[in-house]
Amino acid sequence: QVQLVESGGGLVQAGGSLRLSCAASGTIFSINAVGWYRQAPGKQRELVAVISNGGFINYADSVKGRFTISRDNAKNTVYLQMNSLKPEDTAVYYCNAKIKSRAWLGEFDYWGQGTQVTVSS
């Protein structure tokens with residue numbers, strides 16, 4: 001069984017920084033693409049950033065130049081460094097990972113439980 005656990009959320013003033021972590025545990029053969037999503041109240045969940053296992057990275061236009069996604073494959077962990085935070089970044093942030101538990105199995109989507117990020121003006 002695979003679990004994703006996010007951490008690092010909290011309350012920060014506008015202009016501040018937070019670093020989110022997404023740690024995968026359990027029976028893991030390989031972790032492919034990992035993405036950070038966010039969902040603000042009353043809005044749809046949206047992709048914030050994604051990183052492939054080959055290091056390809058893509059960001060939502062709204063966070064380009066402020067957020068940085070990275071991964072530590074040895075620790076099965078992906079990070080989201082968020083700088084110059086704005087009130088509109090307030091949301092629950094979710095980690096999504098495409099993981100193969102065994103070499104002979106296909107990959108499955110896993111989601112973390114979410115971590116709240118609140119940016120005050």
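Just above, that's the structure.
Quick summary incoming for the structure in this document. (Residues numbered from 1 in each chain as written. Predicted model: local features only at pLDDT ≥ 70, side-chain atom pairs only at ≥ 80, totals over all residues. Heavy atoms only, no water.)

1. Here we look at the state of the cysteines
Here comes step 1: Taken as a whole, this structure holds one disulfide when the rule is applied.
Here comes step 2: Here cysteine 22 engages in a disulfide with cysteine 95; their sulfurs sit 1.9 Å apart. Where cysteine 22 bonds to cysteine 95 through sulfur, the torsion about that S-S bond is close to -75°, and the disulfide is left-handed. Here the residue cysteine 22 occupies a position in strand β3 (residues 18-26), and cysteine 95 occupies one in strand β9 (residues 91-100), the gap between them amounting to 73 residues. (Disulfide = S-S within 2.5 Å. Helix = DSSP H or I, 4+ residues; strand = E, 2+ residues; numbered from the N terminus.)

2. Side note on the packing of aromatic side chains
Here comes step 1: Scanning the entire structure with this criterion turns up one aromatic pair.
Here comes step 2: Cation over ring: arginine 45 sits above tyrosine 94, and NZ or CZ is 3.8 Å from the ring centre.
Here comes step 3: Sitting above the plane of the tryptophan 111 ring, arginine 45 keeps its charged end 4.7 Å from the centroid. (Phe/Tyr/Trp six-rings, centres within 6.5 Å; stacked < 30°, edge-to-face > 60°. Lys NZ or Arg CZ within 6 Å of the ring centre and 35° of its normal.)

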